[in-house]
Amino acid sequence: MNIVSSLLILFKIWGINAASGIYYENNQVYVVSDNSAYLYHYNMESANMDKILLVAEQRQELIDKKDKPDFEAICNLGDELMVVGSGSKPNRENAYVYHKKSKKVAKQSLTALYRALREAGGLDLDNFNIEGIDYRDEQWYFLNRGNGPMNKNIVFTFKGGRDLSHIPKKIEVHEVALPQLQNCPTGFSDATIVDNRLYFIATAEDKASTYNDGINKGSYLGYIDLKTWSLGSTRKLSTTQKFEGLTLYKKSDTASFFLLCEDPDDISVLQSPIYSFDFVDQ
């Protein structure tokens, strides 16, 4: 099977630094940043942006590294969106649920869940870094980025409702061996489910750390077949950019079209380009 794809800048959202997660529906784009206390809502038709405060006690958009909630993933729950912290430090173990109609925000502690995921995967805090989540048919998918010393890229799956403050009865651990990029190990940086595939972005840095950033060595997009848990085709996106957000934009019989956002690891950059990417099966 040949894969044909293209990566283009579709538009730019001003005022966002370090975009780390993205969700699209009906010309509405929601973006989170790993050093901000806000959820950003961008209307593609009007080009207007709203900011939704998630962390009431912080109210900042450029939070110091040691204090940031480190939002790395966002997923759709129908009438709600869930944003989660990476869990790489104790202050990053919370989820925030935003109700699209009422505009209300509710907080959940993920401390017990993240402890259970670490135990199931044989991970310590230096190797635990949740970078992607999705929820389909009462099944959760949590992706651990293998940018710690153990280089463990894991998809945790478990059944459950929208309240993640409880420990699941059963957690399945799917460790995935990802291809290298420029001779560097790669790790999950986001994912979304389309039909029976878990599409993901993987990124490479020249440093094994869930806390400190290394030099970007690029990103690629691939998928995992959820029936067999086998790795499908991958496509290089860049050898210099770190893409951290992935969401389905539209779909045809032969292609899936995605939106992506990137984290430039530069606090002086206050804009977030949103890229379109088509993944065509031939």
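> Would you take a moment to explain the nonpolar core for this structure?
Of all hydrophobic cores here, the largest spans 29 residues; its most connected members are V29, V31, L39, L54 and I74. Among the secondary structure elements, those contributing two or more residues to this core are β1 (3–14), β2 (19–25), β3 (28–33), β4 (38–43), β6 (71–76), β7 (80–85), β8 (94–99) and β19 (255–262). The residues contacting V31, other than those within four sequence positions of it, are I13, I16, A19, G21, I22, L39 and Y40. Counting 22 residues, the second largest nonpolar core, distinct from the first, contains V97, L123, I133 and F156.

> I would appreciate a short explanation of the pattern of salt bridges in the present structure.
For the coordinates displayed, the defined rule picks out 17 salt bridges. Residue K51 pairs with E61 through a salt bridge whose shortest N-O separation is 2.8 Å. Linking K51 in strand β5 (residues 48–53) with E61 in the loop between β5 and β6, this pair joins segments that are 10 residues apart in sequence. What makes E61 partly exposed here is its relative accessible area of 28%. A salt bridge links K242 to E205, with the nearest nitrogen and oxygen atoms 3.2 Å apart. Separated by 37 residues along the polypeptide, K242 in the loop between β17 (230–238) and β18 (243–251) and E205 in strand β15 (residues 197–205) bring together distant segments of the chain. Comparing K242 with E205 shows no difference in burial state: the two are buried. Members of the salt-bridge network, linked through shared partners, are E131, R145, E205, K242 and E244.

> Quick question: what am I supposed to make of the pairing of β3 here?
Here is the key point about a regular strand: its side chains alternate between the two faces of the sheet. For β3, the tally of buried residues reaches 6 of 6 residues, placing the bulk of the element in the interior. Neither face of β3 is exposed, since Q28, Y30 and V32 on one face and V29, V31 and S33 on the opposite face are all buried. Between β2 and β3, which pair antiparallel in sequence order, lie 2 residues; one of them, N26, sits at a positive phi of approximately 50°.

> Where do I start with the sheet that holds β7 in this structure?
Across a sheet, strands are paired by hydrogen bonds formed along the backbone, either parallel or antiparallel in direction. The 4 strands lie next to each other as β6-β7-β8-β9, forming an open sheet whose pairing is antiparallel. Looking along the sheet, the strands with just one partner apiece sit at the ends: β6 and β9 (105–109). Strand-to-strand twist of the sheet, defined as the mean angle between neighbouring strand axes without regard to direction, takes the value 20°. Both β6 and β7 contribute to a ladder of 5 bridges, which runs antiparallel. Residue pairing in the sheet places N76 in a bridge with L81 of β7.

> Looking at this model, I keep getting lost on helix α1 (residues 111–121). Mind explaining?
Side chains of residues three or four places apart in an α-helix project in the same direction, reflecting 3.6 residues per turn. Those residues of α1 that sit buried are L113, Y114, A116, L117, R118 and G121. On its buried side, α1 packs onto β7, β10 (130–136), β11 (139–144), β12 (154–159) and β13 (172–175). Backbone geometry just downstream of α1 places G122 in the positive-phi region, at approximately 65°.

> When you look at unusual backbone geometry in this model, what are you seeing that I'm missing?
Most peptide bonds take the trans form, and the phi angle of most residues other than glycine is negative. Phi at D70 is positive, roughly 55°, even though this residue is not glycine. Mapped onto the fold, D70 is located in the loop between β5 and β6. What makes D70 buried here is its relative accessible area of 4%. The backbone of E138 shows a phi angle near 60°, a positive value even though the residue is not glycine. Residue placement: E138 occurs in the loop between β10 and β11. Looking at E138, the relative accessible area reads 55%, which means it is exposed.

> Is there a simple way to think about the sheet that holds β3 in this case?
As summarised here, the arrangement of the 4 strands in space is β2-β3-β4-β5, forming an open sheet in which the pairing is antiparallel. In this open sheet, the two edge strands, each paired with only one partner strand, are β2 and β5. Going from strand to strand, the sheet's axes swing by 20° on average, the running direction of each strand aside. Bridge count for β3 against β4 is 5 bridges, and the pairing is antiparallel. From the neighbouring strand, V31 faces β4, where its bridge partner is Y40.

> When you look at the side chain of S276 in this model, what are you seeing that I'm missing?
Examined against the element boundaries, S276 turns out to sit in strand β20 (residues 271–281). Judged by relative accessible area, S276 falls into the buried class, the value being 16%. Setting aside anything within four residues of it in sequence, one finds S276 in contact with S6, L7, L8, L10, F258, L259 and L260.

Calculation criteria
Residues numbered from 1 in each chain as written. Predicted model: local features only at pLDDT ≥ 70, side-chain atom pairs only at ≥ 80, totals over all residues. Heavy atoms only, no water. Core = buried A, V, L, I, M, F, W, Y, C linked by side-chain atoms within 4.5 Å. Buried < 20%, exposed > 50% of the residue type's maximum accessible area, 1.4 Å probe, protein only. Helix = DSSP H or I, 4+ residues; strand = E, 2+ residues; numbered from the N terminus. Contact = heavy atoms within 4.5 Å. Salt bridge = Lys/Arg side-chain N within 4 Å of Asp/Glu carboxyl O. Pairing = 2+ DSSP bridges. Axes fitted to C-alpha atoms, helices over the stretch in contact; angles between N-to-C directions.

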